[in-house]
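Read off the chains here:
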Amino acid sequence: MTDRTKTGMSRRALLVTGAAALGAAASPALAQTIEFEKQVNPGTVRRNISAFRMLHWQPYFDDLKNGAILVDTISRALHFWSEDGQTYKLYPTSVPLSEELTRRGRTRVVRKVEGPSWRPTPSMKKRYPDWPDYVPPGPDNPLGTHALYLSWQYYRIHGTHDTRKIGRRSSNGCIGLYNEHIQELFNLAKVGTQVLLI
C-alpha cells in the first residue's frame, strides 16, 4: 500500500467516524424534539413548508366582493385576493398558541389602524397579571405598525416587531405578520374585506 492510499483510507475512516459521532449526538436531540411535538400536538399531521402554497379563492368564497383574506392556521399562511381578482398575495403568519385560543370561521375587516395601541384582553390579564394595561404605538407594541380589526371582539390581523414569532404558534389569538407584510396588506385590504380562518 502506498502512502497516498493510507492517507486516503485514514481520511475515509475519519469521515465515517465523524459522521457516526454526529449522528449519535443528534439522535437524542431529534428524539426530544419529536417527543415534545407529540406532547404538544398529539394526533395531528405534521406539515412542512410544502403546505405553504398558492391557493385559489373559489373553494373558500362565493365571490371576491371587497376582496378576501384566507388564514390557514395549519400551514400558518395568509392568502389575499383583491376584489378584481388581479392581485394575489401569500404571507407567512404567526398563529395562536393553542386550540383554545384559536377561532375559526367567517368574519370581516371592520377597522384599519396605522400605529395601533394595545391593551390586553381580560383573559390575557388573568393569565398574565404582570402585563401592562396599555402599550402605546411604537417599537414595544405587540400589534406592530399596522392592524386590521376584525368583527370578532379582540381579534386582529397585525404586524409584529418580534420577527421570531412568524411561522410559529406564538399569539394569544390574533394572526401576526412581518411589519412589511402587514403594511402591504393594510394598503390592499379595506373595511369590509371578507376574512375566513380555517
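What you are looking at is a predicted structure, and each value in this text was computed from that prediction instead of being measured.

Another point: unusual backbone geometry. A positive phi angle is found at Arg 76, which is not glycine, with a value near 60°. Structurally, Arg 76 can be placed in the loop between β1 (68–72) and β2 (77–81). On the basis of relative accessibility, which here comes to 25%, the residue Arg 76 falls in the partly exposed class. Within the chain, Tyr 154 stands out as a residue other than glycine whose phi angle is a positive 75°. Its location among the elements puts Tyr 154 in the loop between β6 (146–150) and β7 (156–160).

Where a protein is soluble and globular, its nonpolar side chains tend to be buried together. Counting residues in hydrophobic clusters, the biggest one holds 20 residues, and the most contacted among them are Ile 69, Leu 78, Leu 148, Ile 157, Ile 175, Leu 177 and Leu 185. Going through the elements one at a time, β1, β2, β6, β9 (175–178), α3 (179–188) and β10 (194–197) are the ones with two or more residues in this core. Setting aside residues no more than four positions away along its own chain, Leu 148 makes contact with Ile 69, Val 109, Arg 111, Lys 112, Tyr 155, Arg 156, Ile 157, Ile 182, Leu 185, Phe 186 and Ala 189. Residues Trp 57, Phe 61, Ala 68 and Leu 196 belong to the second largest nonpolar core, which totals eight residues.

Turning next to the side chain of Thr 102. Tracing the backbone shows Thr 102 in the loop between β4 (95–96) and β5 (105–114). In terms of polar contacts, Thr 102 uses its side chain to reach the backbone carbonyl oxygen of Ser 98, at 2.7 Å. Sequence-distant contacts of Thr 102, defined by excluding residues within four places in its chain, comprise Thr 73 and Pro 96.

On the basis of which strands lie adjacent, the open sheet formed by eight strands has the order β3-β2-β1-β10-β5-β6-β7-β9 and mixed pairing. A single partner strand is all that each edge strand has here, and the edge strands are β3 (88–92) and β9. Each strand of the sheet is rotated relative to its neighbour by a mean of 25°, with strand direction disregarded. Across three bridges, β6 lies against β7 in antiparallel orientation. Along β7, the bridge assignment pairs Leu 148 with Ile 157. Across the sheet, α3 touches β1, β2, β3, β5, β6, β7 and β9, and the angle it forms with β9 is around 105°.

Reading the values: rules and limits
Residues numbered from 1 in each chain as written. Predicted model: local features only at pLDDT ≥ 70, side-chain atom pairs only at ≥ 80, totals over all residues. Heavy atoms only, no water. Helix = DSSP H or I, 4+ residues; strand = E, 2+ residues; numbered from the N terminus. Buried < 20%, exposed > 50% of the residue type's maximum accessible area, 1.4 Å probe, protein only. Core = buried A, V, L, I, M, F, W, Y, C linked by side-chain atoms within 4.5 Å. Contact = heavy atoms within 4.5 Å. Polar contact = N/O pair within 3.5 Å; in protein donor to acceptor, adjacent residues only side chain to side chain. Pairing = 2+ DSSP bridges. Axes fitted to C-alpha atoms, helices over the stretch in contact; angles between N-to-C directions.

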